[in-house]
Structures are given as C-alpha cells and as structure tokens.
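Chain by chain, the residues:
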Amino acid sequence: MTETQTITIAKGDGIGPEIMDSTLEILKASGVPLKYEEIEVGKQVYLGGNTTGISEDAWATIRRNKAFLKAPITTPQGGGYKSLNVTIRKTLGLYANVRPCKTFRPFIPAFNDMDMVIVRENEEDLYAGIEYQQTSEAIEAVKLISKPGSERIIRYAFEYAKVYGRKKVTCMTKDNIMKHTDGMFHRIFKIVSKEYPEIEAEHRIIDIGSANVASNPEDLDVIVTLNLYGDIISDIMAQVAGSVGLSGSANVGQGRAMFEAIHGSAPDIAGKDIANPCGLLHGAILMLDYLGMSDYARKIEAATLCALEEGIHTGDLFQEGITKRKVGTKEFTAAVIRRMGKEPKNIKVRKRNAKEISFGMSKQVKSSKELVGADLFLDWDESKRQASVLGDSILKLTGDKFSFGLITNRGVKVWPGDMPETYASDQWRLRFMPSNGKITNSDVIELMTRVTEAGFDIIKLENLYDFDGERAYSLAQGE
Ligand code: NAD
C-alpha cells in the first residue's frame, strides 16, 4: 500500500483557484493517498499588507513538506512587488526547471509533432532581476552566471536524459555575443558532455534554436539553457504544442520540489469556467512521479489523454474537425474523472521511471586573479556630449599609473576616432589600463578621487581582471 504523503498547495490568483479545484478533484478521484496543507500566497497576501506576498507560516509549511503544488500567481509588470515565483524558486534552491512537452497529433490539436523536455536554469541570469538606474537615460540589468550554477543544471540535463532514456541534449546560448557569460555555460556544457558519450550533445545559438523549437521541434529532445532563454522557449514550445494551457513544470532542488503549470494567472479569463486545467494537472502528474506515486500519475495521465483524444477540449484547444465537444473547466474535470481507470485508444501513456536523479559536482578549483585595469562609468551630459571634450578632460586626470585611451557609450567605442553617426547617451565608460607594471585597488581609488574631485559623477566602477592569465572582460565594439 502506498503511504499517505502531505503536500503544500496554493490556489494562487486569476484562474488559479479554478484550475486548482479541478486538479484536486481529479487527484481525489484517482484515490491517491495525499493530504493537503493549503497556504495563501500572491496578490491577496500582498494587498493585505505583507509586501513579500508570503507569510512566515507559509514558508514553514512549504519547508516542512517535500512537494508544493502551486497555481499561478499574478506578478505586476513594470513596477510593484518582485515575482513571488522567482523568490520561492530561489529561496528553496529549486535550481532546475523541467518542462516536458509531448504532442499527440492528429488526436489532440497541435501545430507540430514534438516530444521535448526543456531543462531551464532557475536561479541565475537576468532573471535574478538585479537592476539599477544610473543616469537620466540609462538603466542597467545584471546578468549573473556562476560556474557551479551552470555545471549543476547541465549535469542535471544529462542525468535526466540518462534516467529517462533520452538520446540527445541540446545546449542553447548566445555565446557569439555574450562571450563570457553564455560562453562559460557553453564551455562547461562541452566539458560535462564528454562524461556522457552515450548521449548526443550539440549546441545551437538561442535565436535559431528558438526558431527550431517552433518549426521543427521533432528534431529536439532535451534542451538545456539559461533562465531567461528557457522561459521564452518554453512558451514557444507550449504554444506550438497546442496551447500554453497544456504543459506543467517541475522546479527541482535538493530533496524538495515545486510543481506548477507553465502558464500564468490568465486574468483575462479568470472566473469564467473556461480555463484549461491540464497545465496544473500535468504539474500534479510530475509531482506524483517525483513522490514515487507513479501508478497514480499514470492513471491520471491515462484518463486525461482519454478525454483529450475523444475530442473533449477547452476553448484554447478547440480545432474544427478534431474537437468533438467544447467544454468549460468543470465539464472537462468531470470528463477526466469519468474516464479514471481507462486507457486511451490511440495514444500510448508514457512509461514511468522511478529512479531519482542524483549526481556529484566537480571540485571547484580557485582561479588565479589579477587586476589589469578599471572601467569607470560616468553620468556626463555636458559640451553637447562630445566624446573628444570628455576624453581631453580625463586625459589630464589619468596620472602615471594608468594609460587612458578608450571611451565607450552603450558598449561602442566613441573616443578616440568617434563617428558623428554614433548616438551618445549620458552614460559613459572610461577604460584605464596600467601604464606599466601592476596596479592595485588603491591606485584605482586614487584615480577615482581625482576624477570625482574634478567634478565628474562616477556612477560605477568595474574592475578588469585576468583569470588564470586569460582576459576575463569584454572588449568594446570597435576596440
Ligand atoms: P498567461 O499565461 O497568464 O496568459 C497568456 C494567454 O494564455 C492569455 O490569453 C490567457 O488567457 C491564456 N491562457 C493561459 N493559461 C490558460 C489556460 N489554462 N487555459 C486557457 N487559456 C490560458 O500570461 P500573462 O497574461 O502574460 O500573465 C498573467 C499573469 O501571470 C502575470 O501577472 C504574470 O506575471 C503571471 N505569471 C505567473 C506565472 C507563475 O505563477 N508561474 C507564470 C507566468 C506568468
């Protein structure tokens, strides 16, 4: 007999409560021995005065239970509070976001055939949301990528491929442009892939890779990628598969995981009984597999596929000729429950694999680091923004420890040899290299003092380093 397990649930915002009720009804009908502890998270908690959107008690519940089934939460766009989804993923160390997606044409409407899994890094990248406004015109976001974070997600992708009998892992980055951040991810992919000779490993640039996800997804198997790219291509994948309302995802960490639909709270259709509950239901199926309750996962998946292949579809899936009956959330739920214990006629239910994914990490070796220069960023909006005026003024402040020979604006060289066509914003980068010999942090501080005392507004210092004797900062365009 399967032992009863307790999980945390949150009904979320928008369509969240409707699709959670549907999912819980289906779980109950399957007979799975689960107990639920419900917590409140999201907009209502925030509006109730808790600016984090989640209470201490809720954290305690989430940490007590191994699995958390979460309906979508509304995150304000532009301003307002930080994404609670991101906070939960990062606070709990749920480093891998796993999004499997399989289509069953012609029985279930989809634009293309696919059987793909996106393994998305879940804690780093631009998704960390570290942003600063520095001048009237310029705002910066920090793209932070770590070696262990990259290695862990890449290893996870290969281990996943091994456990689930997948043939190929495709890494997607933009390392032709971001040579250091994405470049490191790609480099680690090449190194780790050598430990899995039985699995094909390839790399695609994310832009053409995204196009491939849309046009020929049948050619892709497991994709491993950085946080933001993974977020975007997951929605492309889900849409090509028929609807964003179909796919679920697992956010996996050490000994704990959170499961959800890949879509958001869909406020445009909330409360109308038209939302497709399959995304969250798919999340619940992944959760049951994770909890070692695969018999129940299989039973629910089979019943859901029965309803879908018989043409019982919510509006988002509707397709003339395939859909036999267009239904609402409640009717779809009842249709799945009626089919509990049945097998689909045309579709094969996925084989289960109860093995856990576990692996070791390589030992991090400390690199040697040498300070080889400094970039000072200025807010400067004088002299009609002529780079030559700025260059001439700064040259007088350089001192004997440094040589100064480069100004860039928005990453492109504007001095010396500026071109009148290049637009200059009010944010400038001045690059200082050692005139001869070594420089120290104190030399940089003295330089900054001279520049500040001359009336310039330094908004940021970025030290330039060599690591293990290799240049570890980007060159400017045109440098
Ligand atoms: P969304 O995914 O909520 O909706 C996009 C479109 O898909 C809408 O037209 C919606 O009606 C439709 N849709 C989504 N789910 C559906 C379903 N189950 N059935 C039928 N149609 C469905 O994306 P959005 O509108 O950009 O975001 C709304 C809110 O959700 C935002 O606040 C966003 O931050 C949040 N969000 C939360 C999560 C999460 O909780 N994990 C994920 C993504 C977005």
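Everything below is about the structure printed above this text.
Cut-off values and rules
Residues numbered from 1 in each chain as written. Predicted model: local features only at pLDDT ≥ 70, side-chain atom pairs only at ≥ 80, totals over all residues. Heavy atoms only, no water. Helix = DSSP H or I, 4+ residues; strand = E, 2+ residues; numbered from the N terminus. Buried < 20%, exposed > 50% of the residue type's maximum accessible area, 1.4 Å probe, protein only. Contact = heavy atoms within 4.5 Å. Areas by Shrake-Rupley, 256 points an atom, 1.4 Å probe, with all protein chains shown as cover. Lys, Arg positive; Asp, Glu negative; His and termini not counted. Charge placed at Lys NZ, Arg CZ, Asp CG, Glu CD. Axes fitted to C-alpha atoms, helices over the stretch in contact; angles between N-to-C directions. Parallel < 35°, antiparallel > 145°, perpendicular 65-115°, else oblique. Left-handed = near helix turned anticlockwise from the far one by under 90°. Nonpolar A, V, L, I, M, F, W, Y, C, P; charged D, E, K, R; others polar. Pairing = 2+ DSSP bridges. Arc of directions from axis to C-beta. Near = heavy atom within 4 Å. Polar contact = N/O pair within 3.5 Å; in protein donor to acceptor, adjacent residues only side chain to side chain.

Let's talk about the overall build of the protein chain
Helix and strand counts for the protein chain stand at 13 helices and 20 strands. Counting only C-alpha atoms and orienting by the principal axes, one finds that the protein chain spans roughly 80 × 55 × 45 Å. Relative to its full complement of 479 residues, the protein chain shows a buried share of 52%. Once local pairs closer than 6 in sequence are excluded, the contacts in the protein chain between residues at least 24 apart make up 76%. Accessible area for the protein chain stands at about 22,500 Å²; split by element, carbon and sulfur atoms hold 51% of it. A distance of 6 Å separates the average location of the 61 positive side-chain charges in the protein chain from that of its 65 negative side-chain charges.

Considerations on the packing of helix 10 (residues 294–309) against helix 11 (residues 329–338)
Where helix 10 contacts helix 11, the two axes come as close as 8 Å, and the packing angle between them is 120°. Comparing their axes, helix 11 and helix 10 come out oblique. As helix 10 runs across helix 11, the sense of the crossing is right-handed. Mapping the contact onto sequence places Ala 303, Thr 304, Ala 307 and Leu 308 in helix 10 and Phe 332, Ala 335 and Val 336 in helix 11. Residues of the contact of helix 10 with helix 11, tallied by class, amount to six nonpolar, one polar and no charged.

Describing the sheet that holds strand 16 (residues 402–409)
Here six strands make up an open sheet; going across it, the order is 17-16-18-15-19-20 and the pairing antiparallel. One side of each edge strand has no neighbouring strand; the edge strands of this open sheet are strand 17 (412–415) and strand 20 (470–471). Sheet topology places strand 19 (residues 457–467) next to strand 20; two bridges connect them, and they run antiparallel. Looking across to strand 20, one finds that Asp 466 is bridged to Arg 471. Packing against the sheet, helix 12 (residues 387–395) makes contact with strand 15 (369–379), strand 16, strand 17 and strand 18 (427–434), and its axis sits at approximately 160° to strand 16.

Quick look at helix 7 (residues 206–215)
Within the span of helix 7, buried status applies to Ile 206, Gly 209, Ser 210, Asn 212 and Val 213. Down the axis of helix 7, the smallest arc covering the buried residues is 155°, so these residues share one side. Against the buried residues of helix 7 lie strand 5 (115–121), strand 8 (168–173), strand 9 (200–205), strand 10 (222–225) and helix 8 (227–240).

A look at the site of the ligand
Neighbouring the ligand are 20 residues; Ile 73, Thr 75, Gly 264, Ala 266 and Asn 276 lie closest to it. Within the side chain of Asn 85, a nitrogen or oxygen atom sits 3.0 Å from an oxygen atom of the ligand. In the environment of the ligand, a nitrogen atom lies 3.1 Å from a nitrogen or oxygen atom belonging to the side chain of Glu 260. Out of a free accessible area of 810 Å², the ligand has 70% covered by protein chains. Its residues assigned to classes, the shell around the ligand shows eight nonpolar, eight polar and four charged.

Quick word on the environment of Leu 84
For Leu 84, the location among the structural elements is in helix 4 (residues 84–91). Using a relative accessible area of 2% as the deciding quantity, one classes Leu 84 as buried. C-alpha of Leu 84 to C-alpha of Ser 362: the two residues are 278 residues apart in sequence and 32 Å apart in space. When residues no more than four places from it in sequence are discounted, the contact partners of Leu 84 are Val 41, Gly 42, Thr 52, Gly 53, Ile 54 and Ile 73.

Examining the sheet that holds strand 9
Taken in spatial order, the 10 strands of this open sheet run 2-1-3-12-11-4-5-10-8-9, and their pairing is mixed. A single partner strand is all that each edge strand has here, and the edge strands are strand 2 (34–39) and strand 9. When strand polarity is set aside, the average angle formed by the axes of neighbouring strands in this sheet is 25°. In this structure, strand 4 (residues 96–102) lies alongside strand 5, joined through seven bridges in antiparallel fashion.

Topic: the pairing of strand 8
With six of its six residues buried, strand 8 lies for the most part within the structure. Judged by which residues are buried, strand 8 turns out to be covered on both faces: Lys 168, Thr 170 and Met 172 on one side and Val 169, Cys 171 and Thr 173 on the other are all buried. Sheet topology places strand 8 next to strand 9; six bridges connect them, and they run parallel. The residue of strand 9 that forms the bridge with Lys 168 is Glu 200.

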